[in-house]
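Given next are the chains, with one letter for each unit.
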Amino acid sequence: MAEISPNSESDTEENPLERQRELMELLSQETRHSIVQALLGHPKLLASADEINHFVPSKSKKTVEEQLDVLVDADLLAVYEYPPNGERRGLPWKFYGFTEFGADVLGDFNYLKGVPMARAVHQRTRTPERIERHEAAPRPPLPEPVRETFRLDETAD
């Protein structure tokens, strides 16, 4: 599948139906769909690779990482770094979260309607102590347009 980027100068920009088909294919692949659902359910919408792996349990770590890379390459997700955590043992410093383009695409495809259900599933899923520590770790803020899309209140950091 060709890479999808909001800034590409390709034939798909001339054909919005082809672009829509490519985005649907990108989001409907099982592992990528599960990753998106795991992020939608995360209270901060930013998760470490270990957190995502915990919520996409039937896939290997390598498979999840490969699909995270696909979503990053498509500009649906970005890697957000929080270097101060790198100095503390056991805390993640790299997090995956939606980009402004990714949030727009999720809105266009009605994924945002599923956020309450994804959050309920996340809250009711048992997590080991290590994942709880990851979830409690400080993380960088998401860009303002992404926070607004998800109505995320980050004042608790």
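Look above for the structure.
The paragraphs below set out a description of the structure included in this document. (Residues numbered from 1 in each chain as written. Predicted model: local features only at pLDDT ≥ 70, side-chain atom pairs only at ≥ 80, totals over all residues. Heavy atoms only, no water.)

## What to know about the layout of surface pockets
If a probe the size of a water molecule is rolled over the atoms, the empty space left behind becomes visible. Of the pockets and cavities examined, the largest pocket occupies roughly 150 Å³. In this structure, the largest pocket is lined by Q37, A38, G41, F55, G114, M117, A118, V121, H122 and T125. Examining the composition of the lining of the largest pocket, we find that four residues originate from one element, helix 7 (residues 115-124), more than from any other. Here the lining of the largest pocket is composed, by residue class, of five nonpolar, five polar and no charged. (1 Å grid on protein atoms, 1.4 Å probe; cavity = no way out; pocket = protein on both sides within 12 Å on 5 of 7 lines; lining within 4 Å. Points joined across faces, edges and corners; volume = space filled by probe spheres on them. Helix = DSSP H or I, 4+ residues; strand = E, 2+ residues; numbered from the N terminus. Nonpolar A, V, L, I, M, F, W, Y, C, P; charged D, E, K, R; others polar.)

## A short note on the pairing of strand 3 (residues 94-98)
Among the five residues that make up strand 3, four are buried, leaving the element largely enclosed by the rest of the structure. Two strands pair when backbone bridges link them, and strand 1 (residues 46-47) and strand 3 are joined in this way by two bridges, in the antiparallel orientation. Each bridged residue has a counterpart across the sheet, and for A47 the counterpart in strand 3 is Y96. Direction of pairing for strand 2 (residues 77-81) relative to strand 3: antiparallel, over a ladder of five bridges. Directly across from L77, in strand 3, lies its bridge partner F98. (Buried < 20%, exposed > 50% of the residue type's maximum accessible area, 1.4 Å probe, protein only. Pairing = 2+ DSSP bridges.)

## Some details on unusual backbone geometry
Of note in the backbone geometry, L45 takes a positive phi value of approximately 60 degrees without being a glycine. With respect to the helices, strands and loops of the structure, L45 is situated in the loop between helix 3 (30-41) and strand 1. The phi dihedral of D75 falls on the positive side, at around 70 degrees, and the residue is not glycine. Inspection of the secondary structure puts D75 in the loop between helix 5 (61-73) and strand 2. We classify D75 as partly exposed; its relative accessible area is 26%.

## Observations concerning the sheet that holds strand 1
The three strands are arranged 1-3-2 in an open sheet whose pairing can be described as antiparallel. What marks the edges here is a single partner per strand, and that holds for strand 1 and strand 2. Packed onto the sheet, helix 3 meets strand 1, strand 2 and strand 3 and runs at close to 95 degrees relative to strand 3. Here helix 5 sits on the sheet in contact with strand 2 and strand 3, set at roughly 100 degrees to strand 2. (Contact = heavy atoms within 4.5 Å. Axes fitted to C-alpha atoms, helices over the stretch in contact; angles between N-to-C directions.)

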